[in-house]
Amino acid sequence: MRQIDRVEESFDQAVLNFSQILSSLSYALDLTSGYTMGHAQRTCLIGMRIAQELGLPPTSQTDLYFALLLKDSGCSSNAARMCEIFGGDEIASKQLSRVTDWDNLIEVVKYVASVSLPKRSIIARAGRFLKVGLNGKGTTDEVSHTRCTRGAQIAQSLGMGPDSAACIGSLEERWNGAGSPNHLKHEEIPLLSRIASVAQNLEVFWKTFDLDLAYEVINKRSGRWFDPQIVQVVNSFRHDTSFWTSISEDPKSALRRVNCEATVEKATDDRIDSVCSAFAEIVDAKSPFTGEHSFRVCQYSVEIGSDLGFTGRRLTTLRRASLLHDIGKLGVSNAILDKPGKLDPEEWLSIRKHPQYSFEILSHIDGFSRLAEIAGAHHERLDGKGYFRGLTADQLDLDMRIVAVADVFDALTAKRPYRDSLPMDKVFEILAKDADIALDSECIEALKQRYFDSEALEPTLPIAA
Ligand SMILES: [Fe+2]
Ligand SMILES: [Fe+2]
């Protein structure tokens, strides 16, 4: 067995803070929901200001804080369906839907017309327009239900309180009962959801247009979409210029300064693992073609790492990096990820960006720089023909090579809707052609020792150190 190359362990348990990890990972949720980067952070700051003006008890403030950072964790679960309904880029559809007034028929018609099959003939577009239009409310309820229910489940799996989960579960309800998915009305809607709804809409209109227009929209919809009492509270800090400046310039730092118990929670090892697993689930939920891919790549990576002598924190880092390696896919539309035919050059460019997004998202988290490097390199190849940087063998350490091999191995062995998993002899025949040209031969050999004689793979998910 070869000597394991020494890689500086930059993962420092002491600096990790739970809210800071969630705050940085919320960039991935902004991406998949079509928001401007930092949306969840700014929404959280606006929501916390409302909570403090209302004098909510500390536990409710903590629940709201986490709910606002995680509010879009269910968004990847309706991505494939949104794509199927409209036949176009679901990230763009979501973006436009945020600034559409769903009570205004002309705006709704304009929305459906502009997002239905944008690349197809006028006849195909008209057909889709009618189909979506006829089932308008049912469609909205369905996608809202998926988003809100899944988001609430993820919050619970991360140990958030029931009020946090309930806040996410009713985020799309409206004061007048015309929201989704359960058409709750007035005080039937949890208070935290009413706050979150105002905060997220204020942020969207502020960042899409400007603060004056954002306030105009919120006030126009008071008593219709929004609880009038919350709107009144929001109006009370309209002219607090230092508040708006601080959350606009550096929301990440502003979040750390919020006076709330949530900001001082330490990130224990177990909690970090549960966050990594939750975000792996969010990534895997995005596409029906890749269900559990992140967990399988994690399993294979840990197996190869263990066989090559990894232990302790190095194995922990490898496990987390492989779970999160495709987090950047949240920034790629399902119209491309799930496209059955050949990708055009522009679509290829989008696909090739996902490891870069993984790198950038993870780089924002103090103590995750090593995870970012490993995850960002999972499509690099020893011959320099990989992406996104085109690194070569001397720049790819063993951890990066392991995840790259595990990723290809899963692509070859996983069942696809259009084909069964390949037999093992075929899989290793394909891998052998790339050994030491594109992929590390020792990593391939480690998998061969474990799996060559296997008939079929039934990975045990997840993930022991
Ligand atoms: Fe990937
Ligand atoms: Fe992958």
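This structure is a prediction, so every number in the text was calculated from the model and none was measured. (Residues numbered from 1 in each chain as written. Chains lettered and ligands numbered in written order. Predicted model: local features only at pLDDT ≥ 70, side-chain atom pairs only at ≥ 80, totals over all residues. Heavy atoms only, no water.)

**A closer look at the coordination of the iron ion (ligand 1)**
Right, on to step 1. Every protein donor of the iron ion (ligand 1) is listed here as D326 (OD), H354 (NE2), H378 (NE2) and H379 (NE2), and their distances to the metal cover 2.2 to 2.3 Å.
Right, on to step 2. Taken together, the four donor atoms surrounding the iron ion (ligand 1) define angles of 84 to 168 degrees at the centre, an arrangement classified as irregular.
Right, on to step 3. Spacing between the donor residues of the iron ion (ligand 1) along the chain follows D-x27-H-x23-H-H. (Donors = N, O, S within 2.8 Å, 3.2 Å for Na, K, Ca; no water. Tetrahedral: all angles 85-135°; square planar, octahedral: opposite > 155°, others 65-115°.)

**Examining the state of the cysteines**
Right, on to step 1. Counting across every chain of the model gives zero disulfides.
Right, on to step 2. In this model C167 remains outside any disulfide bridge; the closest cysteine sulfur is found in C148, 9.9 Å from its own.
Right, on to step 3. Its sulfur unpaired, C260 is 7.9 Å from the next cysteine sulfur, which belongs to C44. (Disulfide = S-S within 2.5 Å.)

**Considerations on the confidence of the model for the protein**
Right, on to step 1. Averaged over all residues, the pLDDT of the protein equals 86, while 81% of them reach at least 70.
Right, on to step 2. The element-level mean pLDDT for the protein is lowest in helix 7 (residues 122-134), coming to 55, with helix 12 (residues 228-236) highest at 98.
Right, on to step 3. Counting interchain partners and residues more than four positions distant, the pLDDT-below-50 stretch residues 459-465 has 17 contacts. (pLDDT = per-residue confidence, 0-100. Helix = DSSP H or I, 4+ residues; strand = E, 2+ residues; numbered from the N terminus. Contact = heavy atoms within 4.5 Å.)

**As for the packing of aromatic side chains**
Right, on to step 1. Scanning the model with the defined rule gives 15 aromatic pairs in all.
Right, on to step 2. Between Y215 and W244, the aromatic rings sit 6.1 Å apart at their centres with planes inclined by 80 degrees, giving edge-to-face as the arrangement. Placement of Y215 in helix 11 (residues 211-220) and of W244 in helix 13 (residues 241-249) is noted, with a sequence separation of 29 residues between them. Here the two residues Y215 and W244 agree in accessibility, since each one is buried. (Phe/Tyr/Trp six-rings, centres within 6.5 Å; stacked < 30°, edge-to-face > 60°. Buried < 20%, exposed > 50% of the residue type's maximum accessible area, 1.4 Å probe, protein only.)

**Side note on helix 24 (residues 441-451)**
Right, on to step 1. Taken as a whole, helix 24 has its buried residues at C443, I444, A446, L447 and Y451. For helix 24, the angular spread of the buried residues around the axis is 155 degrees, confining them to a single face.
Right, on to step 2. Buried residues along helix 24 sit against helix 16 (293-307), helix 22 (398-413) and helix 23 (424-434).
Right, on to step 3. Between the side-chain oxygen of the N-cap and the backbone nitrogen of E442 there are 2.8 Å, and the N-cap of helix 24 in question is D440. (Arc of directions from axis to C-beta. Polar contact = N/O pair within 3.5 Å; in protein donor to acceptor, adjacent residues only side chain to side chain.)

**Quick look at the environment of I50**
Right, on to step 1. The residue I50 is located in helix 2 (residues 39-54) in this model.
Right, on to step 2. Residues I50 and A196, 146 residues apart in the sequence, show an inter-C-alpha distance of 9.3 Å.
Right, on to step 3. When residues no more than four places from it in sequence are discounted, the contact partners of I50 are I195, V198, I230, V233, V234 and F237.

**Observations regarding the coordination of the iron ion (ligand 2)**
Right, on to step 1. Of the protein atoms, only H293 (NE2), H325 (NE2), D326 (OD) and D407 (OD) coordinate the iron ion (ligand 2), at distances of 2.1 to 2.3 Å.
Right, on to step 2. One way to put it: the four donor atoms around the iron ion (ligand 2) meet at angles of 81 to 176 degrees, and that makes the site irregular.
Right, on to step 3. In the primary structure, the donors to the iron ion (ligand 2) are separated according to the pattern H-x31-H-D-x80-D.
Right, on to step 4. Between the iron ion (ligand 2) and the iron ion (ligand 1), both coordinated by D326, there is a metal-metal distance of 3.5 Å. Placement of the pair is H325 in the loop between helix 17 (312-323) and helix 18 (334-337) and D407 in helix 22, with a sequence separation of 82 residues. Each of the two residues, H325 as well as D407, counts as buried.

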